[in-house]
Amino acid sequence: MRRMFLRRAGLALLLMLAATALTFALVTAAPGNVAALIAERAAGPGADGEMIARIADELGLNDPLPVRYVRWLGDTFTGDFGVSLRTGKPISEEFAERIPVTATLLAGGGMLALFYSLGLGLWGATSNGRFADRILHGIALIGASTPNFFVAALLVIVFAVGLGWIPSFGLYGWTSWILPCVTIALFPGSVLARVVRVNLQEAMARPFATTGFAKGMNRGEVLVREALPNIAIPYITTFGAQFTLMIIGAIVVERLFGLNGIGAFFIEAIRFRDFVGMQAVLTLFVVFFVSVNLFVDLVAMLVDPRLRRARRA
């Protein structure tokens, strides 16, 4: 198990390095001159070519691309992401302020997606083709087909504007998290609900389900005790994939609800051509994607001994 963990962690590290190299190259190749932007914001329209050349030399922008990448990667490992061109603050300080907001949004959305998907999937499997199952299938299909911005608009119109129950912009207590978390959880929760429903239907056709009925269990008991544990692996892997995609949804949701998280910072960096900020956020996204997938892979190996035997083989 230890050898498998080290091997998987090594592959994840190589993937991170490859992704950061690609991200660095893409951001560097983007139109615009970082030195010119800094000079214009420092001296205004009067920035001359000599000043721009001096700034480019100080930042090492004239060095070969591999040298710049290695220097940037070394600084990143020490927690130095550079200084934001938009705010003039160290990006590490921006991250310290904004990561808790995004982490809270993802944690709340992930918990809602978990309970929503399991509840909807189990309810549909219990109904087994009856009217309630068809209604739940329609709800999951609508949830998986509706974009985040439309869901957010509906929730704001109904619960914030119409009923006035919940604030819709900024952070004013725990109720401010309800609408953003529901918005970001609807799509992954609906996809996961279909995963639960389909896999439970297949599991109920297997011999262990027949044995459970022979022991006198009703359908609900067989679903929970026998079928549900057997769909753990596909559910865990799909949940991990959907959870990583929630960071993309956070970019939209944070802007819509006025949350100052990493997603909102990324949009602001794009608008103001803050290449340093964009590069730092993309690197953070890469680390998040790879780390979550590594964690999910390890959890799956711990849950299912067949995966451990397959890796050893």
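Below: a short report on this structure.

Another aspect to go through is the overall build of the protein. Within the protein one finds 14 helices and zero strands. Ordered by position from N to C terminus, the α and β elements of the protein give α-α-α-α-α-α-α-α-α-α-α-α-α-α. Restricting the contact set of the protein to residue pairs at least 6 apart, pairs at least 24 apart contribute 71%. As presented, the protein carries roughly 16700 Å² of accessible surface, and 67% of it is formed by carbon and sulfur atoms.

Here the focus is the side chain of Arg-98. Looking at the element boundaries, Arg-98 is found in helix H5 (residues 91–127). Setting aside its immediate chain neighbours within four residues, Arg-98 contacts Arg-86, Asn-260, Gly-261, Ile-262, Ala-264, Phe-265 and Glu-268.

Okay, the packing of helix H7 (residues 148–162) against helix H8 (residues 178–203) next. Between H7 and H8, the least distance of the axes is 9 Å, while the angle of their chain directions is 145 degrees. Where H7 crosses over H8, the two elements pack in a sense that is right-handed. Between H7 and H8, the residues in contact are Asn-148, Val-151, Ala-152, Leu-155, Val-156, Phe-159 and Ala-160 and Leu-179, Val-182, Thr-183 and Leu-186, respectively. Its residues placed into classes, the contact of H7 with H8 shows nine nonpolar, two polar and no charged.

Let us now look at empty space enclosed by the protein. Inspection of every chain in the model, using the stated rule, returns one cavity of 30 Å³ or more. Computed from the structure, the largest cavity encloses a volume of approximately 50 Å³. Where the lining of the largest cavity is concerned, the elements lending two or more residues are H5, helix H6 (131–145) and H8. Counting residues per element, the lining of the largest cavity draws most heavily on H6, at four residues. Grouping the constituent residues of the lining of the largest cavity by class yields four nonpolar, three polar and three charged.

Attention now moves to the pattern of salt bridges. As enumerated under the stated definition, the model contains four salt bridges in all. One salt bridge in this structure joins Lys-89 and Glu-97, with 3.1 Å as the shortest N-O distance. The class for Lys-89 is partly exposed, based on a relative accessible area of 26%. Residue Arg-98 is joined to Glu-94 by a salt bridge in which the shortest nitrogen-to-oxygen separation is 3.1 Å. One end of the pair is Arg-98 and the other is Glu-94, both in helix H5 and four residues apart, which spans about a single turn. Across the pair, Glu-94 and Arg-98 agree in class, each one buried.

Rules and cut-offs
Every residue gets a number counted from 1 within its own chain, in the order that chain's sequence is written. Local features in a predicted model are, by the rule used here, given only for residues with pLDDT of at least 70; side-chain atom pairs are given and counted only at 80 or more, and totals for whole chains, interfaces and linings are based on all residues. Working from all heavy atoms in the structure, the side-chain values ignore hydrogens and water. A run of H or I in DSSP becomes a helix once it reaches four residues, and a run of E becomes a strand once it reaches two; helices and strands are each numbered from the N terminus. Note on contacts: a residue pair qualifies if any of its non-hydrogen atoms lie within 4.5 Å across the two residues. Note that accessible areas follow from Shrake-Rupley with a 1.4 Å probe, and for residues the cover is restricted to the protein chains shown. Simply put, an axis is a line fit to the C-alpha atoms, just over the touching stretch for a helix, and the angle between two N-to-C directions goes from 0 to 180 degrees. With the far helix as reference, a near helix turned anticlockwise by less than a right angle produces a left-handed crossing, and one turned clockwise produces a right-handed crossing. Throughout, the ten residues Ala, Val, Leu, Ile, Met, Phe, Trp, Tyr, Cys and Pro are labelled nonpolar, Asp, Glu, Lys and Arg are labelled charged, and all others, Gly among them, are labelled polar. Both site types are read off a 1 Å grid over the protein atoms alone. A 1.4 Å probe that fits but cannot get out defines a cavity, while an open set with protein on both sides within 12 Å along at least five of seven lines defines a pocket; lining residues have an atom within 4 Å of a point. Grid points are joined across faces, edges and corners, and a volume is the space filled by probe spheres set on the points. The salt bridge criterion pairs a side-chain nitrogen of Lys or Arg with a carboxyl oxygen of Asp or Glu, the two atoms within 4 Å. The classification of residues rests on relative accessible area computed with a 1.4 Å probe and restricted to protein chains. Under 20% of the type maximum is buried, over 50% is exposed, and intermediate values are partly exposed.

In short, the description is geometric, and any link to function would need to be established separately.
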